[in-house]
Amino acid sequence: MNKKPWAGRFKIETDKLMEDFTQSVSFDKRLYKYDIMGSVAHAKMLARSGIITDAEAKEIVDGLNGILEEIKNGEFIFSVSLEDIHMNIEKRLIEKIGAAGEKLHTGRSRNDQVTLDLRLYLRDETGEILKGIRAVQGVLLELAEKYLDTFMPAYTHMQRAQPVLLSHHLLSYIEMFKRDCARYGCCYKRINIMPLGAGAVAGSTLPLDREYVAKLLDFPEITGNSIDTVSDRDYCIEFTAASSILMMHLSRLAEELVLWSTEEFDFLELSDAFATGSSMMPQKKNPDVPELIRGRAGKVYGGLVSLLTMMKGLPLSYSRDMQEDKEPVFTAVDTVKQCLYILPPLLKSTVFNRDKMMEATRKGFLEATDVAEYLVQKGLPFRSAHETVGRVVAYCLEQGKIFPELSLEEWRGFSSLIGDDISDVVKTKNIIDKRKTAGGTARDEVKKRIAVLKKEFKVK
Ligand code: ARG
């Protein structure tokens, strides 16, 4: 058993059960790189402020760099009796360099150290996630350009509503992901604030130069209140909230991949490289990847609820409850990254079934709104036009016909305002191209949007 840093005040040794119960090193060891980075900056600052000597700081920094190598090479032995990553590294430093190592924790508490580590970690991971989102957007943009001639039904209430370009549908996901990037970017501003120097809760009697630490670690600002500094986990909550919304978006995309790959829809085929078979049914090709993306959203949402619940009603400042912040954050990072990394190759290798999509625009009277608006242009009030077209739909359902199959006489039986230009009105291509509202599905509009997005993503 390791001697605890607080052993001075204690008469009997900690119970093994209690050690296992309270430890966090089994999961917070992933912060090692950031813990060392923060300690290096802290040691440099201690020397610069005259609290330790330059020689001591050098010993500490060299020792820490040695530990970094040991961990990277898998030589470091993590010990549960040393509770967390912070004490594991500090203990090893003292083992390695002796007296100077005992000075590292001067003016610092694990309460400000742990939030520094998490902030450094989340700064990097947010960058990775943003890159991942961009990659997914990039593939969607390529697909949107490729399928500019493919029509499909847009759905409302899961019923065929109006024809759109497949490109337009794909671009809608790019817009969602743009908002996700903005949310992470906003959260990043609150992650990117330097907390060290708050100490346990009230600051320090020592002349700590917080601005210098911020500069060394490339933080644009320092936190403003020591109590809030060690109490605050808003940035973890915001990060997990942004991740939850992203997962919700990914789950919708995943759901459409699942749905569209069914025999019933047959709008696309996933590559064999991204599908699985059944252990019993030889004919099966299952969309497990999108199903798992859909399923994993719950893990991230769960983490958000855990964090909110953990913080709710917690009196100021740090309480040990807050050690429970890490696993939900790590789960969010891992889940989001896994999903973002698999989507680009999966989407790239997916074949969209153009014929099936085009065919689906023929049935379901997707032309109905256009015929109503045609009648409006001929002078009929919209409500009467709506009713007239409703009667045409009922007639077609009885006769087993679709709009393009109706003769001019049949049309004129419903309204004498209808002329022979009606055959153009019910052509899918025209229906799409007439939707020139900014952000609408007209081919020209979609091309405009693609151009804007390409410029934004710096794609040629
Ligand atoms: N492992 C702890 C955590 O993650 C570090 C801070 C511990 N502070 C304390 N006073 N026990 O929150």
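Preceding block: the structure.
Attention in this report is confined to the structure presented alongside it. (Residues numbered from 1 in each chain as written. Predicted model: local features only at pLDDT ≥ 70, side-chain atom pairs only at ≥ 80, totals over all residues. Heavy atoms only, no water.)

The next thing to look at is helix H6 (residues 110-146). The first and last C-alpha atoms of H6 sit 54 Å apart over 37 residues, in line with the 54 Å expected at 1.5 Å per residue. At the N-terminal boundary of H6, the capping side chain belongs to Ser109, with an oxygen 2.8 Å from the backbone nitrogen of Asn111. (Helix = DSSP H or I, 4+ residues; strand = E, 2+ residues; numbered from the N terminus. Expected span 1.5 Å × (residues − 1). Polar contact = N/O pair within 3.5 Å; in protein donor to acceptor, adjacent residues only side chain to side chain.)

Glancing now at the environment of Glu291. Among the structural elements, Glu291 can be located in helix H11 (residues 288-311). We classify Glu291 as partly exposed; its relative accessible area is 31%. Sequence-wise, Glu291 and Leu257 are 34 residues apart; in three dimensions their C-alpha atoms are separated by 8.8 Å. (Buried < 20%, exposed > 50% of the residue type's maximum accessible area, 1.4 Å probe, protein only.)

Glancing now at the site of the ligand. As a matter of local geometry, the ligand sits amid Ser24, Asp84, His86, Arg110, Asn111, Val114, Tyr318, Gln323 and Lys326. Here an oxygen atom of the ligand sits 2.4 Å away from a polar atom, N or O, in the side chain of Tyr318. A distance of 2.5 Å is found between an oxygen atom of the ligand and a side-chain nitrogen or oxygen belonging to Lys326. Ranked by residues supplied to the shell around the ligand, first place goes to H6 with three residues. Within the shell around the ligand, the residues separate by chemical class into two nonpolar, four polar and three charged. (Near = heavy atom within 4 Å. Nonpolar A, V, L, I, M, F, W, Y, C, P; charged D, E, K, R; others polar.)

Under the definition given, this model contains 34 salt bridges. Here Glu83 makes a salt bridge to Arg320, at a shortest N to O gap of 3.1 Å. Remark: Arg320 occurs in the loop between H11 and helix H12 (326-348) and Glu83 occurs in the loop between helix H4 (54-72) and helix H5 (85-97); sequence separation between them is 237 residues. Classification of Glu83 as buried rests on a relative accessible area of 6%. A salt bridge links Asp421 to Lys378; its shortest N-O distance comes to 3.6 Å. Here the residue Asp421 occupies a position in the loop between helix H16 (408-414) and helix H17 (422-425), and Lys378 occupies one in the loop between helix H14 (368-377) and helix H15 (382-399), the gap between them amounting to 43 residues. On the accessibility criterion, Lys378 (36% relative accessible area) is partly exposed. Taken together, the shared-partner salt bridges in this structure form one network comprising Glu70, Lys91, Arg92, Glu95 and Lys96. (Salt bridge = Lys/Arg side-chain N within 4 Å of Asp/Glu carboxyl O.)

In this model helix H19 (residues 443-456) runs 20 Å from its N-terminal to its C-terminal C-alpha over 14 residues, within 8% of the 20 Å that 1.5 Å per residue would give. Those residues of H19 that sit buried are Glu445, Val446, Ile450, Leu453 and Lys454. Residues of H19 that are buried in the fold lie against H6, strand S2 (159-165) and helix H7 (166-191). Lys458 lies just past H19 and shows a positive phi near 55°. (Contact = heavy atoms within 4.5 Å.)

Here the focus is the packing of aromatic side chains. For the structure on display, the rule yields 12 aromatic pairs. With a centroid separation of 5.2 Å and 75° between ring planes, the pair formed by Tyr121 and Phe330 is classed as edge-to-face. Of this pair, Tyr121 sits in helix H6 while Phe330 sits in helix H12, and the two are 209 residues apart along the sequence. We classify Phe330 as buried; its relative accessible area is 4%. Arranged with centres 5.2 Å apart and planes meeting at 90°, the rings of Phe265 and Phe267 form a pair that is edge-to-face. We classify Phe265 as buried; its relative accessible area is 17%. (Phe/Tyr/Trp six-rings, centres within 6.5 Å; stacked < 30°, edge-to-face > 60°.)

Turning our eyes to something else, we now look at the environment of Glu409. The residue Glu409 is located in helix H16 in this model. Measuring from C-alpha to C-alpha, the distance between Glu409 and Tyr34 comes to 77 Å, with 375 residues separating the pair along the chain.

What follows is about unusual backbone geometry. Of note, the bond from Leu316 into Ser317 is cis; its omega dihedral lies within 30 degrees of zero at 5°. Inspection of the secondary structure puts Ser317 in the loop between H11 and H12. Despite not being glycine, Asp218 has its phi angle at roughly 65°, a positive value. By the element assignment, Asp218 lies in the loop between helix H8 (210-216) and strand S4 (221-222). On the accessibility criterion, Asp218 (61% relative accessible area) is exposed. A positive phi angle, close to 55°, is found at Phe365, a residue other than glycine. By secondary structure assignment, the location of Phe365 is in the loop between helix H13 (354-360) and H14.

To continue, consider the packing of helix H10 (residues 234-260) against H12. Relative to each other, H10 and H12 sit at 30°, their axes nearing to 10 Å. Along this stretch, H10 crosses H12, giving a crossing that reads as left-handed. Of H12, the residues touching H10 (which contributes Cys236, Phe239, Thr240, Ser243, Leu246, Met247, Leu250, Leu253 and Leu257) are Val329, Ala332, Val333, Thr335, Val336, Cys339, Leu340, Leu343, Leu346 and Leu347. Here the residues of the contact of H10 with H12 sort into 16 nonpolar, three polar and no charged. (Axes fitted to C-alpha atoms, helices over the stretch in contact; angles between N-to-C directions. Left-handed = near helix turned anticlockwise from the far one by under 90°.)

Moving on, we come to the pairing of S2. Here strand S1 (residues 151-156) runs beside S2; their pairing, made up of six bridges, is antiparallel. Residue pairing for S2: Phe151 is matched across the bridge by Leu165. Where S1 hands over to S2, the hairpin turn is made up of two residues, of which His157 adopts a positive phi near 55°. (Pairing = 2+ DSSP bridges.)

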